[in-house]
Amino acid sequence: MEDAIQRGTDAEVPAASVPVLAPAGTPWADPLGRATILLVDHVDLNRQLIKGILKAGPYRLLEARSQEEALRILDREPVDLIISEWIVSDWSGNPNSGLEFCRRVKSNRRTHLIPILIVTSVQGIENEVAGLESGADEFLVKPLQPAVLRTRIRSMLRNKRVVDSLEEAETILFALAQTIEQRDKETGNHCQRLAALSVALGSAIGLPDEDLLALHRGGYLHDIGKIAVPDAILFKRGELTGEEWAIMRSHTWKGEEICRPMRSLRPVLPIIRNHHERWDGSGYPDGLKGEDIPLLARILQLADIYDALISRRSYKEAFTVEDAIAQLRREAEIGWRDPELVSVFCEVVRLPSLQAKFNEAALPAAVPPESPELTSMRESLLRMSQQLLK
């Protein structure tokens, strides 16, 4: 089985070379750690050539003869770099474009950040342009120069390490956001449902993928500023005092401050800051009115209110879907919500497919098990937040 994983197939072919660390003083030695590189080519000799060039490097090499085989490996193995031939066989063994493989990798949220190096014997600027437009990050024409290939790989892996560090920072923020949700035992999988609802509404009105991604992230991060709100205020049963309301409302701009240093989260900042604004200008923190309220914030706001209405709380029973819709329409009539957006939203939440997905998100069993590292991180963050609020 270990050999099959190393090869990326159960077929009887030689296992990939065991990585050997470059000796001290080797010109291209680089402290990148043991990176995993996936070689995708239906010609055995081509893969053997690249393995020979990289045999002294600190790399773990996986091999695939076809697109489907490569995608199966990507489903089960963490990969740092893909080196693919311009022509890659499909599942039936017929030659297929490696560019289609690039598109499939880059269209998958789990793999879209993996850099891809295309190697080919096909000359021409138009081919290089086509390769880069398909999602490839680099392009090399044969015959391969060993020094150039090694240098290009090291450069791409350094960039991947930077991307990985940013992803880790985002993971910490998302873990922090979910520790806040876990402080309230009644909210269940609120963030998960909110993300699904927001993306559904965004899709219904034709928003581009980057906005849908911002909505999905906003579903988890919109209340991250509540880390600064004491439990005594956050879970107070009675009416809040004026001073307590000021603290509660500060979670909007404090959440924005927490996420602002992350460039990748900039599209989410208006959601975090302005999801409590009202159509008539009576909301907070900026008193924005009408179209001045960012569209993504208006979308997430409706999803947030709807989920609160149909969820059971200690102080109320869960609304039915129709009762929740009626409440949203009333709030649009009195000037609190965007009336056009409310109309679309009410149609979206009636869709059987969405209701089924929404009900699944409400079940604890639908939440995938966390790794021990992430569980430990959540517990640490929760303890930190409790200490800060003492």
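Residues numbered from 1 in each chain as written. Predicted model: local features only at pLDDT ≥ 70, side-chain atom pairs only at ≥ 80, totals over all residues. Heavy atoms only, no water.

Q: What is the right way to read the overall build of the protein from this model?
A: Scanning the protein for helices and strands turns up 17 helices and seven strands. By element, 56% of the accessible surface of the protein is carried by carbon and sulfur atoms, the whole surface being about 19,800 Å². (Helix = DSSP H or I, 4+ residues; strand = E, 2+ residues; numbered from the N terminus. Areas by Shrake-Rupley, 256 points an atom, 1.4 Å probe, with all protein chains shown as cover.)

Q: Explain the sheet that holds strand β6 (residues 116-120) here, please?
A: Ordered by their spatial adjacency, five strands build an open sheet running β2-β1-β3-β6-β7, and the pairing between neighbours is parallel. This sheet does not close on itself; its edge strands, each paired only once, are β2 (59-64) and β7 (138-141). If you compare each strand with its neighbour and ignore which way they point, the axes differ by 20° on average. The pairing of strand β1 (residues 35-40) with strand β3 (residues 81-85) spans four bridges and is classified as parallel. (Pairing = 2+ DSSP bridges. Axes fitted to C-alpha atoms, helices over the stretch in contact; angles between N-to-C directions.)

Q: Is there a simple way to explain the packing of helix α10 (residues 242-249) against helix α11 (residues 251-259) in this structure?
A: A pair of packed helices is characterised by two quantities: the angle between their axes and the separation of those axes. Two elements in contact, α10 and α11, have axes whose closest approach is 5 Å; the angle formed by their N-to-C orientations is 30°. By the angle between their directions, the pair α10 and α11 is classed as roughly parallel. Together, I247, M248 and R249 of α10 and H251, T252 and W253 of α11 make up the contact between the two elements. When grouped by side-chain class, the residues that make up the contact of α10 with α11 number three nonpolar, two polar and one charged. (Parallel < 35°, antiparallel > 145°, perpendicular 65-115°, else oblique. Contact = heavy atoms within 4.5 Å. Nonpolar A, V, L, I, M, F, W, Y, C, P; charged D, E, K, R; others polar.)

Q: What am I meant to see in the pattern of salt bridges here?
A: Two side chains that carry opposite charge are able to pair once their charged atoms sit near each other. Per the counting criterion, the structure on display carries 24 salt bridges. Linking E322 and R350 is a salt bridge whose minimum nitrogen-to-oxygen distance equals 3.0 Å. You can see E322 sitting in helix α14 (residues 321-333) and its partner R350 sitting in the loop between α15 (339-348) and α16 (352-361), a full 28 residues away along the chain. With a relative accessible area of 31%, R350 lands in the partly exposed category. When salt bridges with common partners are traced through the structure, they connect D44, R47, K51, E63 and R65 into a single cluster. (Salt bridge = Lys/Arg side-chain N within 4 Å of Asp/Glu carboxyl O. Buried < 20%, exposed > 50% of the residue type's maximum accessible area, 1.4 Å probe, protein only.)

Q: Sorry if this is basic, but what is going on with the packing of aromatic side chains here?
A: Centre-to-centre distance and the angle between the planes together describe a pair of aromatic rings. Tallied over the full model, the rule gives one aromatic pair. A centroid spacing of 5.5 Å and a plane angle of 80° characterise the contact between Y306 and F345, whose relative ring orientation is edge-to-face. Of this pair, Y306 sits in helix α13 (residues 295-310) while F345 sits in helix α15; the two residues are 39 residues apart in sequence, bridging distant segments of the chain. Of note, R249 hangs over the ring of W245, and the distance from its end group to the ring centre comes to 5.1 Å. Above the face of the W336 ring, R278 is positioned so that its terminal group lies 3.7 Å from the ring centre. (Phe/Tyr/Trp six-rings, centres within 6.5 Å; stacked < 30°, edge-to-face > 60°. Lys NZ or Arg CZ within 6 Å of the ring centre and 35° of its normal.)

Q: How should I be thinking about the nonpolar core in this particular structure?
A: Counting 44 residues, the largest nonpolar core has L221, C259, Y306 and F345 as its most contacted members. If you list the elements that add at least two residues to this core, you get α6 (146-183), α7 (190-204), α8 (209-221), α12 (269-274), α13, α14 and α15. Per-element tally for this core: the top contributor is α13, with nine residues. The contacts of L221, once residues within four sequence positions are left out, are L173, F174, A177, C259, L265 and I272. Counting 20 residues, the second-largest nonpolar core is a separate cluster that includes A70, L71, V79 and A136. (Core = buried A, V, L, I, M, F, W, Y, C linked by side-chain atoms within 4.5 Å.)

Q: Got a minute to help me understand the packing of α14 against α15 in this structure?
A: Running from N to C, α14 and α15 point in directions that differ by 170°, and their axes come no closer than 9 Å. Judged on the interaxial angle alone, α15 and α14 are roughly antiparallel. Judged by residue contacts, I325, L328, R329 and A332 of α14 engage P339, V342, S343, F345, C346 and E347 from α15. Here the residues of the contact of α14 with α15 sort into seven nonpolar, one polar and two charged.

Q: What is the right way to look at the side chain of R298 in this model?
A: Among the secondary structure elements, R298 is positioned in helix α13. A polar contact is formed between the side chain of R298 and the backbone oxygen of I293, at a distance of 2.9 Å. In terms of polar contacts, R298 uses its side chain to reach the side chain of D338, at 2.7 Å. If sequence neighbours within four positions are ignored, R298 has contacts with W279, G290, E291, I293, D338 and L341. (Polar contact = N/O pair within 3.5 Å; in protein donor to acceptor, adjacent residues only side chain to side chain.)

Q: I'm lost on α15 in this one. Help?
A: Think of an α-helix as 3.6 residues a turn; residues three or four steps apart then line up on the same face. Looking at α15, one finds that the buried residues are L341, V342, F345, C346 and V348. One face of α15 carries all of its buried residues, which in axial projection span an arc of 155°. Sitting at the amino-terminal end of α15 is D338, which places a side-chain oxygen 3.1 Å from the backbone nitrogen of E340. (Arc of directions from axis to C-beta.)

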